[in-house]
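The chain contents come next:
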Amino acid sequence: MTTPTPPAAPPATAAPTTPTAPAGAPKRLGNGELRAMVAKVLADNAGTELTPRTIAATLNRSSGAVGNACKVLADRGEAEVASTSPLAYRATATTASAAAPTITPAPPRTPRPKTPKTPTGTPSAAPTPAPAPAGAGGSAAGAAGVVTGPVKRPNGMDYHPRLLSGMPDVTALRRLRDAGVAALLYGPPGTGKTSVVEAAFPDCITVQGDGDTVVADFVGDYTKTPDGEFVFVHGPLVRAMRDGVPLFIDDATLIPPTVLAVVYPAMDGRRQIVIKANGGEVVDAAPGFYVVAGHNPGVHGAVLTDALASRFSVQVQVSSDYELADQLGVDKKAVRVARNLATRQERGEVGWAPQLRELLAFKKIAAVLGTDAAAGNLVGIAPEEDRATVAAVVRDAFGRTVTPLALGARITPKP
């Protein structure tokens, strides 16, 4: 798509030392204020099912942040999930009490006091700082304890946590966010990288990377309004920084390195970016901003550069949970096929093995078209160079030869 050429920029002036929000931008809220605003919208529309997107449009706020506020209200019993597809919420008897009639602006930041000196010139002992609020990095769940059961994703589906270094992966990611340690999840497509990120950070904003991703896809670009004017619309990176929510860069290694570099200043000690396309606008990251990325090593064109790897201090391999596939009722023979091919893949004998996504699809196809059709589809979706091996493994597991799904002869109506 061709980007309209913005109008000529005015003569350059000295950049302000403190960035100013563009006209119409929502003000930054204090702790709990967005939740109170969401509760008020629900209470004012008692009996009506509202999606986070609808509430976000009413409040002019990020739908991800609003979704997180809705979840917290539901967990507290101050709202309820009215439907899961689409995910919608409804007021309860206690919602009105959670709604603030007026919103008090967040108190201004005060400079950190200097450490007093003793008469001898030696710094006196600094006072013990107060404990950080729950999820100092913006993740209340980070300090709330270990996740013990399934976690509801924004799409309403349950995510079943897996162990990572002795703790549930959802808990581990939230604690990494609180500590400001960026995480890179890598593994084949369909293993659940996106699922765990959405479970850990329901308020995250996602950028889907590919070879055509450009800087404007992160920071924003000029858009023509109905009256013919050009306005700068901020992108997902800016929204995540201002809202203090995680940014998930999916398939990050498919993005050209020169483009991905726009995120690096926001990740390091600067926590700031400069938008050159918008007159050198300076954007600072609010507390809670965090970057997590996904990487599919086997995908053509995916390159993990040294610059990218060095920004992600934690790199976690994600593989399919075949035990979960069993628990979710996937045909045991199909799971056996997947395990067999995964073992061969590790040995370098084949380049492909079904992951959890393919096994869940197998279950759905079998329910509609039958087991033979689902088994034949496993053969059909395998890469051509691996198809003979996959067909042999499927034949051994199911005890019969199956072929990829294909249309047959035309159906002739009977006279």
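What you are looking at is a predicted structure, and each value in this text was computed from that prediction instead of being measured.

Trainee: Quick rundown of the confidence of the model for the protein? Include the residues and the values.
Mentor: On average, the protein scores 82 in pLDDT, and the residues at 70 or more come to 81%. Mean pLDDT in the protein bottoms out at helix 3 (residues 63-75), which sits at 78, and peaks at strand 11 (residues 246-250), which reaches 97. Taken together, the stretch residues 7-25 has pLDDT below 50 and engages in seven contacts with residues farther than four places along the chain or on a different chain. In the predicted structure, residues 101-144 sits below a pLDDT of 50 and forms 44 contacts with residues beyond four places in sequence or in another chain.

Trainee: Break down the packing of helix 1 (residues 33-44) against helix 2 (residues 52-59) for me, with residues and values.
Mentor: Closest axis-to-axis distance for the helix 1/helix 2 pair is 10 Å, and the angle between their directions is 105°. Classified by the interaxial angle, the pair formed by helix 1 and helix 2 is roughly perpendicular. Each of Leu34, Met37, Val38, Val41 and Leu42 in helix 1 lies in contact with helix 2, whose residues at this interface are Ile55, Thr58 and Leu59. Taken together, the residues that form the contact of helix 1 with helix 2 break down as seven nonpolar, one polar and no charged.

Trainee: If you had to explain unusual backbone geometry to someone new, which residues and values would you point to?
Mentor: For serine 165, which is not glycine, the phi dihedral falls at a positive 55°. Among the structural elements, serine 165 can be located in the loop between strand 5 (163-164) and strand 6 (167-168). Taking relative accessible area as the criterion, serine 165 reaches 73% and is therefore assigned exposed. Phi at arginine 271 is positive, roughly 50°, even though this residue is not glycine.

Trainee: Outline helix 13 (residues 332-347), supporting the account with residue identities and numerical values.
Mentor: Taking 1.5 Å of rise per residue, the 16 residues of helix 13 would be expected to cover 22 Å, and the 23 Å separating its terminal C-alpha atoms lies within 8% of that figure. All of the buried residues in helix 13 are Ala334, Val335, Val337, Ala338, Leu341 and Ala342. What you see down the axis of helix 13 is that its buried residues fit within an arc of 155°, all on one side. Exposed and oriented more than 90 degrees from the buried face of helix 13 are Lys332, Glu346 and Arg347.

Trainee: Account for the environment of alanine 182, naming residues and giving values.
Mentor: Inspection of the secondary structure assignment puts alanine 182 in the loop between helix 5 (169-179) and strand 7 (183-186). Judged by its relative accessible area of 10%, alanine 182 falls in the buried class. With 109 residues separating them along the chain, alanine 182 and valine 291 place their C-alpha atoms 5.8 Å apart. Excluding residues that lie within four positions of it along the chain, alanine 182 makes contacts with Met267, Tyr290, Val291, Arg311, Phe312, Ser313 and Val314.

Trainee: Quick one: what's the story with the pairing of strand 9 (residues 220-224), residue by residue and with numbers?
Mentor: For strand 9 and strand 10 (residues 230-234), the ladder comprises five bridges, and the chain directions are antiparallel. Bridge pairing in strand 10 places lysine 224 opposite phenylalanine 230. Where strand 9 folds back onto strand 10 in an antiparallel hairpin, the turn is made up of five residues, including glycine 228, whose phi is positive at roughly 90°.

Trainee: Outline the sheet that holds strand 11, supporting the account with residue identities and numerical values.
Mentor: In a beta sheet, neighbouring strands pair by backbone hydrogen bonds and run either parallel or antiparallel. Strand order in the open sheet formed by five strands is 8-11-14-7-15, and the pairing between neighbours is parallel. Among the strands making up the open sheet, the edge pair consists of strand 8 (205-208) and strand 15 (314-317). Averaged over all pairs of adjacent strands, the angle between their axes in this sheet comes to 20°, without regard to strand direction. Across four bridges, strand 8 lies against strand 11 in parallel orientation. Bridging from a neighbouring strand, glutamine 208 pairs with aspartate 250 of strand 11.

Trainee: So, the nonpolar core: which residues are in play, and what are the values?
Mentor: Val38, Phe218, Leu237 and Ile249 are the most contacted members of the largest nonpolar core, which has 52 residues in total. Looking at this core element by element, the count peaks at six residues for helix 1. Counting residues domain by domain, this core receives three or more from each of domain 1 (33-99) and domain 2 (151-317). Excluding its chain neighbours within four sequence positions, the residues that come into contact with valine 38 are Ile55, Leu59, Val66, Ala69, Cys70 and Leu73. In terms of nonpolar packing, the next biggest core, distinct from the first, is built from 27 residues, Ala325, Ala342, Ala382 and Val393 among them.

Cut-off values and rules
- Along each chain, the written sequence defines residue order, and numbers are assigned to residues from 1.
- Since the coordinates come from a predicted model, pLDDT governs what is reported: local features require at least 70, and pairs of side-chain atoms require 80 or more to be given and counted, while whole-chain, interface and lining totals use all residues.
- No hydrogens and no water enter the side-chain calculation; it runs on all heavy atoms of the structure.
- Confidence of the predictor in every single residue is expressed as pLDDT, which spans 0 to 100.
- Strands are runs of DSSP state E lasting at least 2 residues, helices are runs of H or I lasting at least 4, and numbering of each runs from the N terminus.
- Pairs of residues are marked as contacts when any of their non-hydrogen atoms sit within 4.5 Å.
- Throughout, an axis means a line fitted to C-alpha atoms (over the contacting stretch in the case of helices), and angles, computed between N-to-C directions, take values from 0 to 180 degrees.
- Working definition: roughly parallel below 35 degrees, roughly antiparallel above 145 degrees, roughly perpendicular at 65 to 115 degrees, and oblique for all remaining angles.
- Asp, Glu, Lys and Arg are counted as charged, while Ala, Val, Leu, Ile, Met, Phe, Trp, Tyr, Cys and Pro are counted as nonpolar; the rest, among them Gly, fall into the polar class.
- For each residue, the accessible area found with a 1.4 Å probe, counting protein chains only, is set against the maximum for its type, and the residue is called buried under 20%, exposed over 50%, and partly exposed in between.
- A helix is expected to reach a length of 1.5 Å times the quantity of its residues less one.
- An arc is given here, and it is the one of the directions from the helix axis to the C-beta atoms.
- In this description, strands pair whenever DSSP reports at least two bridges between them.
- Only buried Ala, Val, Leu, Ile, Met, Phe, Trp, Tyr and Cys residues count toward a nonpolar core, and they belong to the same one when joined by side-chain atoms within 4.5 Å.
- Domain borders in the structure are assigned automatically or taken from a domain database.

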